[in-house]
Amino acid sequence: MIRIILLGPPGAGKGTQSVKLAQQLSLPHISTGDLLRQNVKDGTELGKEAKDYMNKGQLVPDELVAQMLVKRFGMDDVKGGFILDGYPRNINQAKTLDGILKDKKMAIDMVIYLDTSDVVIIQRLSGRLVCSSCAANFHKTNMPPKVSGVCDLCKGKLYQRTDDKEETIKNRIVVYKNEVAALIKYYQDSNKLHSLNADGDAGIVLNKIMELAKENDPLKV
Ligand code: AP5
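Residues numbered from 1 in each chain as written. Predicted model: local features only at pLDDT ≥ 70, side-chain atom pairs only at ≥ 80, totals over all residues. Heavy atoms only, no water.

1. So, the sheet that holds strand S3 (residues 82-85)
For step 1, the next point in the chain: Within the open sheet, the 5 strands sit side by side as S2-S3-S1-S4-S8. Their pairing is parallel. Two strands bound the open sheet, and with one partner strand each, they are strand S2 (29-31) and strand S8 (193-197). Ignoring strand direction, the axes of neighbouring strands in this sheet form an average angle of 20°.
For step 2, the next point in the chain: Contacts from helix H1 (residues 14-25) reach strand S1 (3-7), S2, S3 and strand S4 (110-115) within the one sheet, and its direction differs from that of S3 by about 175°.
For step 3, the next point in the chain: Helix-sheet contacts for helix H8 (residues 202-216) involve S1, S4 and S8, and the interaxial angle to S8 is about 165°. (Pairing = 2+ DSSP bridges. Helix = DSSP H or I, 4+ residues; strand = E, 2+ residues; numbered from the N terminus. Axes fitted to C-alpha atoms, helices over the stretch in contact; angles between N-to-C directions. Contact = heavy atoms within 4.5 Å.)

2. Digging into the site of the ligand
For step 1, the next point in the chain: Of all residues adjacent to the ligand, which total 35 residues, the nearest are Thr16, Gln58, Arg128, Phe138 and Arg172.
For step 2, the next point in the chain: Note that an oxygen atom of the ligand is positioned 2.5 Å from one of the side-chain N or O atoms of Thr16.
For step 3, the next point in the chain: Between the ligand and Gly200, the relevant distance is 2.8 Å, taken from a nitrogen atom to a main-chain nitrogen or oxygen of the residue.
For step 4, the next point in the chain: For the ligand, whose unbound accessible area comes to 1,000 Å², protein coverage reaches 96%. (Near = heavy atom within 4 Å. Polar contact = N/O pair within 3.5 Å; in protein donor to acceptor, adjacent residues only side chain to side chain. Areas by Shrake-Rupley, 256 points an atom, 1.4 Å probe, with all protein chains shown as cover.)

3. A look at the packing of aromatic side chains
For step 1, the next point in the chain: In total, this model carries 2 aromatic pairs according to the counting rule given.
For step 2, the next point in the chain: A centroid spacing of 5.2 Å and a plane angle of 85° characterise the contact between Tyr186 and Tyr187, whose relative ring orientation is edge-to-face.
For step 3, the next point in the chain: The exposure class assigned to Tyr187 is buried, which follows from its relative accessible area of 2%. (Phe/Tyr/Trp six-rings, centres within 6.5 Å; stacked < 30°, edge-to-face > 60°. Buried < 20%, exposed > 50% of the residue type's maximum accessible area, 1.4 Å probe, protein only.)

4. Quick word on the nonpolar core
One recurring pattern in soluble globular proteins: nonpolar side chains tend to sit buried together.
For step 1, the next point in the chain: Among the nonpolar cores identified, the biggest contains 32 residues, and Leu69, Phe73, Phe82, Leu84, Leu97 and Tyr187 are the most heavily contacted of them.
For step 2, the next point in the chain: At the level of elements, S1, helix H3 (45-56), helix H4 (62-73), S3, helix H5 (91-103), S4 and helix H7 (166-189) are the ones that each hand at least two residues to this core.
For step 3, the next point in the chain: The greatest single-element share of this core, amounting to 6 residues, is contributed by H4.
For step 4, the next point in the chain: Phe73 has contacts with Ile30, Val78, Phe82, Leu84, Leu97, Ile100, Leu101 and Lys104, leaving out every residue within four places of it along the chain.
For step 5, the next point in the chain: Counting residues in hydrophobic clusters, the runner-up holds 19 residues, among them Leu27, Met110, Leu196 and Ala198. (Core = buried A, V, L, I, M, F, W, Y, C linked by side-chain atoms within 4.5 Å.)

Encoded structure:
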């Protein structure tokens, strides 16, 4: 039972690592990016409002994301812990999250900062492929699917995210860098932050995260 935030730039591997962690720890994976993309796909009011921000690589307004998150944290499966990916993105969101969790008598146990260089970010995002059906992540060269254009897991069609264009990637990195220092300090001050170099092999990064998760599990005796 552990509540983990994965923090890091676009392309750090938050989604990739969250999926593996969620499997290994039997916890739900909550990705605000995935939830927003599902809303866009479903054509909800939230999706309609969020779409332009996402396509430009800007943050969706805090209140919209907060409403979505309150709804998600109202579900029963989060009671035994969770992996949170893509939230918070700024101090306001970090405080909102603390408030949402406090209302449910919960708190974050550990924040993992996946430190990644700009060169690696651009290589990863420009080659990323995502399943249109189950949202699984692949990469043209780093993690290619067994059959070109087809998801290994559900046989869905793979596509390139609209925000993975070079101009938008650059904007996402700028937006990220404007906010991250304050967030890092916020979680350092509460002794929850653990930094990892995430430029390397995904399996090695996962092993390091698993070690930290074991050390920081509040139920550890
Ligand atoms: P979101 O979907 O959260 O995007 P992001 O934060 O930019 O992160 P990414 O999903 O691009 O990267 P990732 O770190 O998950 O990397 P991945 O594992 O896929 O958000 C999208 C948009 O939604 C935002 O721009 C914003 O508009 C909006 N939004 C979301 N949350 C919001 C919030 N809280 N507030 C406001 N707006 C919000 O890996 C990338 C690629 O690299 C993959 O192809 C993968 O196969 C490969 N890869 C991963 N790890 C490795 C490795 N170790 N070695 C080699 N290849 C690797």
